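# Reading the structure
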Amino acid sequence: ASGTVAIAPNGNPEIHAEEFEVLSECPLKEENGYPFTPKQSHPPDYVREYPHLRSRIDYMAAVFRLRHRTLTAIHNIWTKMTFSITPILTPNDCEGAGETFKVQPDNEALLKEMKRPENPLEESYFDKKVFLSVSGQLHLEAMSYGLGNTYTISPAFRAENCKSPLHLSEFHMFEAEMGFVDDLEQLTSFVEKLVKETTNVVLERNSEDLALCHKKFGDRSFDWIDKSWVSLSYEEAAKILQNHKDKFTTILKDDEGFSKEQEMFLVQHCNSPVFLIEWPEKIKPFYMKQSSNDSTKVAAMDLLMPDVGELVGGSLRENNYEILKSKIPAGLEWYLELRKFGGFPTGGFGLGIERYIQLLTGVKNIRDVIPFPRYPHGLSKSYT
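Computed from a predicted structure; not experimentally measured.

### Digging into the packing of helix H4 (residues 137–147) against helix H10 (residues 333–340)
Contact geometry for H4 and H10: axes closest at 11 Å, N-to-C directions at 30 degrees. Our classification of the angle between H4 and H10 gives roughly parallel. Between H4 and H10 the crossing geometry is left-handed. In contact with Gln137, Leu138, His139, Glu141, Ala142 and Tyr145 of H4, H10 contributes Trp334, Tyr335, Leu338 and Arg339. Residue composition of the contact of H4 with H10, grouped by class: 6 nonpolar, 2 polar and 2 charged.

Structure, rendered in structure tokens:
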């Protein structure tokens, strides 16, 4: 069709056709193989079977436009921070959970050609094991020592056998690292401001897309934008859950993270998003700063939001050289040198982009807020 294109106030194109010319025929009939019937509402589980075609479905297109708005809002709001690229290929597993995907060339002849006597064949290309990144945090810290406040938006990969509607094998994170942060409240205040300001931009600029999603997936309340959010220590949260343990199907275990239903209960109990702070050291990664008043705790925080549970995880970073040296895994000597050669206190966090889109839209399954989802057994039927 020929005509004109105008940009509506919500940022979406409005096409004004003046005349029509058929450029490509596509009979929308079952015998032609096209999977979507015009004017019929197709459920997300069905649409998900055709990832290469689902951007043509109205509510999926709305979700992807909201995703775009979120990313551009983050870039536009935080212009005083320096955007930094962090590597996808890395020898480091910064979370230490063993959930990495190993990377090597799918070419045995090349590996044999490059092999050095001291290395096994599988390590011929890089001379060591290399993985897809689980987080850009460690490299972002290195950049922050020279650039100040930094951030990145990058893919992350987790090799988990998880069928949860809140987990993916490949997802995206907004990660930020800030200098001269020595109080956890500085970090939680920044995160609260980030989520509220980004959400206000999306609500203002993409109201029609949100309305379409809410019609499909259910109404959403954003009353949390006008509230001050609650902070609970891990111990305080555990006591609340223990006092209501009869309401859960999952068992509350000492010094372990909380289940999704327990997280949701805390949000409902407080009638507010909740920052969980001051976590037991043994269930958090090595880089988190030891609490000043209790060596068994670390200055960590998780942000729990309605419907999606944990949205953000972060901490102050351990900047004491001797303490960090006693905990750091082998192979991360370069990270230790960030403290050895002078530094300053830092803190940072990661926000899951896909979970944030779920929070905005009400989409139940995280596989439906990313164009081409990757999850266990998720490529067996996919064309993409």
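### As for a nonpolar patch on the surface
Judged by side-chain polarity, Leu89, Tyr125 and Phe126 come together as a nonpolar surface patch covering roughly 270 Å² of accessible area. Within the secondary structure layout, tyrosine 125 lies in the loop between helix H3 (108–114) and strand E5 (131–132). On the basis of relative accessibility, which here comes to 39%, the residue tyrosine 125 falls in the partly exposed class.

### With respect to the pairing of strand E7 (residues 170–179)
Across the 10 residues that make up E7, a large majority, 8, are buried. For strand E6 (residues 150–157) and E7, the ladder comprises 8 bridges, and the chain directions are antiparallel. Within E7, the position partnered with phenylalanine 157 by the bridge is glutamate 170. Two elements, E7 and strand E13 (residues 346–352), share 7 bridges in a ladder whose sense is antiparallel.

### Looking at the UniProt feature "domain: Aminoacyl-transfer RNA synthetases class-II family profile" (unreviewed entry) in the chain
With numbering matched to this structure, UniProt assigns "domain: Aminoacyl-transfer RNA synthetases class-II family profile" (unreviewed entry) to residues 151–371. Helix makes up 35% of residues 151–371 and strand makes up 26%, while its end C-alpha atoms are separated by 23 Å.

### A look at the environment of aspartate 294
Looking at where aspartate 294 falls in the secondary structure, it is placed in strand E11 (residues 294–305). For aspartate 294, a relative accessible area of 26% corresponds to the partly exposed category. For aspartate 294 and glutamate 278, which are 16 residues apart along the polypeptide, the C-alpha to C-alpha distance reads 9.4 Å.

### Description of the environment of tyrosine 125
Between the C-alpha atom of tyrosine 125 and that of glutamine 104, which follows or precedes it by 21 residues, the distance is 7.2 Å. Excluding its chain neighbours within four sequence positions, the residues that come into contact with tyrosine 125 are Pro105, Leu110, Leu111 and Met114.

### Topic: the pattern of salt bridges
Within the structure shown, the criterion is met by 19 salt bridges. The salt bridge partner of aspartate 209 is arginine 65, with a shortest N-O separation of 2.8 Å. One end of the pair, aspartate 209, is in helix H6 (residues 207–217); the other, arginine 65, is in helix H2 (residues 58–77), with 144 residues separating them in the sequence. For glutamate 354, the salt bridge goes to arginine 67, with nearest N and O atoms at 2.6 Å.

### Focus on the nonpolar core
One broad rule of soluble globular proteins: the nonpolar side chains tend to lie buried together. Ranked by size, the top nonpolar core spans 59 residues in total, and within it Phe174, Val195 and Phe349 carry the most contacts. Beyond its immediate stretch of four places on either side in the chain, valine 195 contacts Trp224, Trp229, Leu303, Met305, Leu311, Leu351 and Tyr356. By size, the runner-up hydrophobic cluster in this structure holds 32 residues, among which are Leu138, Cys270, Ile328 and Leu336.

### Concerning H10
For H10, the full list of buried residues reads Tyr335, Leu336, Leu338 and Arg339. With its buried residues spanning 140 degrees around the axis, H10 presents them on a single face. Looking at the buried side of H10, the elements it contacts are H4 and helix H9 (321–327). At the C-terminal side of H10, glycine 342 shows a positive phi close to 90 degrees.

### Thoughts on the packing of aromatic side chains
Inspection of the entire model under this criterion finds 23 aromatic pairs. Pairing phenylalanine 36 with tyrosine 50 gives two aromatic rings, centres 5.9 Å apart and planes at 85 degrees, and the pair type is edge-to-face. Placement of phenylalanine 36 in the loop between strand E2 (13–19) and helix H1 (44–47) and of tyrosine 50 in the loop between H1 and H2 is noted, with a sequence separation of 14 residues between them. With centroids separated by 5.9 Å and ring planes inclined at 50 degrees, the aromatic side chains of phenylalanine 190 and phenylalanine 349 adopt a geometry described as tilted. Linking phenylalanine 190 in helix H5 (residues 184–205) with phenylalanine 349 in strand E13, this pair joins segments that are 159 residues apart in sequence. Accessibility assignment for this pair places phenylalanine 190 and phenylalanine 349 in one class, buried. An aromatic cluster is present here, built from Trp78, Phe83, Tyr151, Phe174, Phe190 and Phe349 joined pairwise through their rings. When the ring centre of tryptophan 279 is taken as origin, the NZ or CZ atom of lysine 284, which lies over that ring, is 4.2 Å away.

Analysis parameters
Throughout, residues of each chain are indexed from 1 in the direction in which the sequence is written. It should be noted that, the model being predicted, local features are given only for residues of pLDDT at least 70 and side-chain atom pairs only at 80 or more, the latter also being counted only at that level, while totals for whole chains, interfaces and linings use all residues. Hydrogens and water are ignored here; the side-chain numbers use all heavy atoms of the structure. Orientation is described by axes fitted as lines to C-alpha atoms, over the contacting stretch for helices, and by angles from 0 to 180 degrees between their N-to-C directions. Think of it this way: any DSSP run of H or I at least four residues long counts as a helix, any run of E at least two long counts as a strand, and we number them from the N terminus. Angles are sorted into four bins: roughly parallel if under 35 degrees, roughly antiparallel if over 145, roughly perpendicular if 65 to 115, and oblique for all others. Note on convention: the crossing is left-handed when the near helix lies turned anticlockwise from the far helix by less than a right angle, right-handed when the turn is clockwise. Residues count as neighbours in contact if any of their non-hydrogen atoms are within 4.5 Å of one another. Here the term charged refers only to Asp, Glu, Lys and Arg, the term nonpolar to Ala, Val, Leu, Ile, Met, Phe, Trp, Tyr, Cys and Pro, and the term polar to all other amino acids, Gly among them. Patches were defined on residues exceeding 30% relative accessible area and lacking a salt bridge, with like-charge contacts within 9 Å and nonpolar side-chain contacts (Val, Leu, Ile, Met, Phe, Trp, Tyr) within 5 Å. Accessible areas in this description were obtained via Shrake-Rupley with a 1.4 Å probe; residue shielding takes into account the shown protein chains only. We count a salt bridge whenever a side-chain nitrogen from Lys or Arg sits within 4 Å of a carboxyl oxygen from Asp or Glu. Here's how the labels work: a residue is buried when its accessible area is under 20% of the maximum for its type, exposed when over 50%, partly exposed in between, all with a 1.4 Å probe on protein chains only. Two strands form a pair only when DSSP identifies at least two bridges running between them. UniProt positions are given in the numbering used here, feature names are shortened, and annotations may be inferred rather than shown by experiment. Nine residue types can take part in a nonpolar core, namely buried Ala, Val, Leu, Ile, Met, Phe, Trp, Tyr and Cys, and a core is a set of them joined through side-chain atoms within 4.5 Å. By construction, the arc corresponds to the directions joining the helix axis to the C-beta atoms. Pairs were defined over the aromatic rings of Phe, Tyr and Trp, the Trp ring being its six-membered one, requiring ring centres within 6.5 Å. Orientation was assigned from the angle between planes: stacked under 30 degrees, edge-to-face over 60, tilted for the rest. Remark: a charge is flagged as sitting over a ring if the NZ atom of Lys or the CZ atom of Arg is within 6 Å of the ring centre and within 35 degrees of the ring normal.

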